[in-house]
Amino acid sequence: MATRQSDIAAALASTAWPATTPAFGALGDSSGAPEWVDDNCLSVSEKNAAGCVYGDPAATKTAVLLGDSMAISYMPAIRAALEPLGYNVQSLTMFSCPAVNISVAPKNASDASAATCDDHHSWVYNEVARLSPDLVIMSSLAGSIVRLASGNEGVAALTEWQTATADTITALQGSTDHVAVLSPPPASTPFAECKTLTSAPADCTYSPSSLYQKVVATEQGAIEKFGDFAQYVNVVPWLCVDNTCPAFFDGQHFVREASNQLGPLLAEALFPPAA
């Protein structure tokens with residue numbers, strides 16, 4: 001962690017744009033997690049679930065990933081953390097459908113995902129019970145809290161989200177040995193908006209929003225009562241120093257290389273070394 005924090009601090013202090021992989025000019029829709037972009041395993045159903053298993057199919061341990069595009073954005077990190085430890089990983093994610101069992105409203109008139117999200121939740125929890133995985137990993141975009149189907153806002157929305165998180169983890173008891181909820185990264189201005197011919201790296205830094213911090217606290221509060229069965233992994237220290245963070249390529253998702261770099265940190269969070 002000390003090395004990671006040092007690297008972030010150096011990036012934040014830089015006055016010139018560094019060479020990156022991928023190059024800034026190459027950032028685009030194909031830069032995200034390969035499991036999403038190349039394998040079309042963002043929206044998983046009974047039709048394609050068998051093609052969205054990663055690692056050795058004969059592995060003795062199984063992890064399942066639940067959530068939306070944020071969850072699948074973590075898949076390179078999850079694979080890097082778990083596959084060397086003898087796991088395979090089944091994606092059960094869906095576009096714009098949070099990991100927690102909560103109903104969401106459409107983002108716009110053409111958004112059909114909200115109408116199928118509730119059905120996806122039902123299928124997912126039955127599938128987890130069938131698979132009986134050793135580990136369930138969950139993650140959702142924090143912004144989903146502003147489009148709840150209930151119409152709740154502010155404190156009422158946070159309360160609904162906390163209740164849904166606790167209810168979801170309760171429903172998973174008996175189907176898995178452990179649940180890990182990964183916080184989403186705090187949203188930023190996309191590179192395409194902040195990196196210009198005249199900008200400097202400092203123009204693309206930001207701090208976690210008040211709403212983001214409230215969502216993280218809400219999720220943490222929901223998980224506390226579950227003891228060792230569930231854990232919350234707050235990724236802000238992996239991405240920021242002193243509450244200041246470099247921007248993400250599209251404002252909220254990882255490029256595949258950045259996600260993969262988080263693998264060792266995730267492995268340590270899930271399986272901390274014995275004292």
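Preceding block: the structure.
As the structure is a prediction and not an experimental result, all values here were calculated from the model.

### Observations regarding the packing of aromatic side chains
Consideration 1: Tallied over the entire structure, the rule returns 2 aromatic pairs.
Consideration 2: Measuring from centroid to centroid gives 5.2 Å for Y74 and F254, while their planes differ by 55°, and the two rings are tilted. With Y74 in the loop between helix 3 (69–73) and helix 4 (75–82) and F254 in the loop between strand 8 (245–246) and helix 10 (256–261), this residue pair connects regions lying 180 residues apart in the sequence. With respect to burial, Y74 and F254 carry one shared label: buried.
Consideration 3: For the cation-ring pair, K195 lies above W17, with the distance from its terminal atom to the ring centre recorded as 5.0 Å.

### Looking at the pattern of salt bridges
Consideration 1: Evaluation of the coordinates by the stated rule reveals 4 salt bridges.
Consideration 2: E35 is the partner of R79 in a salt bridge, and the nearest nitrogen-oxygen pair spans 2.9 Å. In this pair, R79 sits in helix 4 while E35 sits in helix 2 (residues 34–37), placing the two residues 44 residues apart along the sequence.
Consideration 3: A residue is classified by how much of its surface remains accessible, and E35, at 2% relative accessible area, is buried.
Consideration 4: The salt bridge partner of D38 is R256, with a shortest N-O separation of 3.2 Å. You can see D38 sitting in the loop between helix 2 and strand 1 (53–54) and its partner R256 sitting in helix 10, a full 218 residues away along the chain.
Consideration 5: What makes D38 partly exposed here is its relative accessible area of 47%.
Consideration 6: You can call R256 partly exposed: its relative accessible area is 23%.
Consideration 7: One network of salt bridges, in which partners are shared, links E35, R79 and E83.

The rules behind each value
Residues numbered from 1 in each chain as written. Predicted model: local features only at pLDDT ≥ 70, side-chain atom pairs only at ≥ 80, totals over all residues. Heavy atoms only, no water. Phe/Tyr/Trp six-rings, centres within 6.5 Å; stacked < 30°, edge-to-face > 60°. Helix = DSSP H or I, 4+ residues; strand = E, 2+ residues; numbered from the N terminus. Buried < 20%, exposed > 50% of the residue type's maximum accessible area, 1.4 Å probe, protein only. Lys NZ or Arg CZ within 6 Å of the ring centre and 35° of its normal. Salt bridge = Lys/Arg side-chain N within 4 Å of Asp/Glu carboxyl O.

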